[in-house]
Amino acid sequence: MSGFEPFAELDTRYSHESATASPWSAAKELLTRAEMYWLSTVRPDGRPHVTPLIGVWSKGALYFCTGASERKGRNLAANPEVVLTTGDNTLSEGIDVVVEGRAERVTDRDRLNRLAAAWESKYGPEWHFDVQDGTFRHAGRAALVFEVSPRTVFGFGKGATYSQTRWRFS
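From a predicted model like this one, the values you see are computed outputs, not experimental measurements.

Participant: Give me the lowdown on the packing of aromatic side chains, citing residues and values where you can.
Facilitator: Note on aromatic pairs: each is described by the distance of the centres and the angle between the planes. Here the structure, examined in full by the defined rule, presents nine aromatic pairs. Ring geometry for phenylalanine 64 versus phenylalanine 146: centroids 5.5 Å apart, planes at 20°, classification stacked. Placement of the pair is phenylalanine 64 in strand 5 (residues 61-66) and phenylalanine 146 in strand 10 (residues 141-157), with a sequence separation of 82 residues. For phenylalanine 146, a relative accessible area of 7% corresponds to the buried category.

Participant: Describe the pattern of salt bridges, naming the residues involved and giving the relevant values.
Facilitator: Pairing between side chains becomes possible if they bear opposite charge and their charged atoms approach one another. Applying the stated rule across the entire model yields 12 salt bridges. A salt bridge links arginine 168 to glutamate 9; the shortest N-O distance between them is 2.8 Å. Of this pair, arginine 168 sits in strand 11 (residues 163-168) while glutamate 9 is found in strand 1 (residues 7-10), placing the two residues 159 residues apart along the sequence. Take arginine 168: its relative accessible area is 34%, and that puts it in the partly exposed class. Two residues, glutamate 70 and lysine 72, come together in a salt bridge whose shortest N-O distance is 2.7 Å. Here glutamate 70 falls in the partly exposed class, since its relative accessible area comes to 30%. Exposure remark for lysine 72: the relative accessible area of 11% places this residue in the buried category. Residues joined by salt bridges that share partners form a network here, namely Glu81, Arg102, Glu104 and Arg151.

Participant: Break down the side chain of asparagine 75 for me, citing the residues and quoting the values.
Facilitator: Mapped onto the secondary structure, asparagine 75 falls in helix 2 (residues 71-78). Dropping the residues within four chain positions of it, asparagine 75 is found in contact with Thr41, Val42, Arg43, Pro44 and His49.

Participant: Describe the layout of surface pockets, and please don't skip the residues or the numbers.
Facilitator: Each pocket or cavity is described by its volume, and for the largest pocket that value is around 390 Å³. Every residue lining the largest pocket is counted, 17 residues in all, and those nearest its centre are Cys65, Thr66, Gly67, Glu70 and Ala143. If you list the elements that add at least two residues to the lining of the largest pocket, you get strand 3 (48-53), strand 5, strand 9 (135-138) and strand 10. Per element, the largest residue contribution to the lining of the largest pocket is three residues, and it comes from strand 10.

Calculation notes
Residues numbered from 1 in each chain as written. Predicted model: local features only at pLDDT ≥ 70, side-chain atom pairs only at ≥ 80, totals over all residues. Heavy atoms only, no water. Phe/Tyr/Trp six-rings, centres within 6.5 Å; stacked < 30°, edge-to-face > 60°. Helix = DSSP H or I, 4+ residues; strand = E, 2+ residues; numbered from the N terminus. Buried < 20%, exposed > 50% of the residue type's maximum accessible area, 1.4 Å probe, protein only. Salt bridge = Lys/Arg side-chain N within 4 Å of Asp/Glu carboxyl O. Contact = heavy atoms within 4.5 Å. 1 Å grid on protein atoms, 1.4 Å probe; cavity = no way out; pocket = protein on both sides within 12 Å on 5 of 7 lines; lining within 4 Å. Points joined across faces, edges and corners; volume = space filled by probe spheres on them.

Encoded structure:
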């Protein structure tokens, strides 16, 4: 999906009259450079759960990791549908991005090694992961790695011409 350009649509109901749809390149750049993302999952009893985490945008998907026994890991075992958000924490400029999709477990050793290298490149050596038994390993603990290929992404442009763009991937 890395060369795929999704269809962009401006929602005029929530956009300034002179706004235009934000380009996918702006959202992709934000997803690539963001240091923090907010992951929304659903507990087995239906209550929402939101937590900040780090991640990597690579080849058209967003990747994150978690321990299997952590709240988000247990939620994903019951329901893999997620929302990830990131953006510029300002009101007058930038764009906020919301990614909707399904979290799929990554266990392939070669992919995990590439992702571990991407994590370390982005966040530094304190985020070095070894790959073992289909997981990331750090300080003796295992972390499951998940890929979220976007189904829909929303971009909320801020500033003088507020906008809401929807990118469809299917």
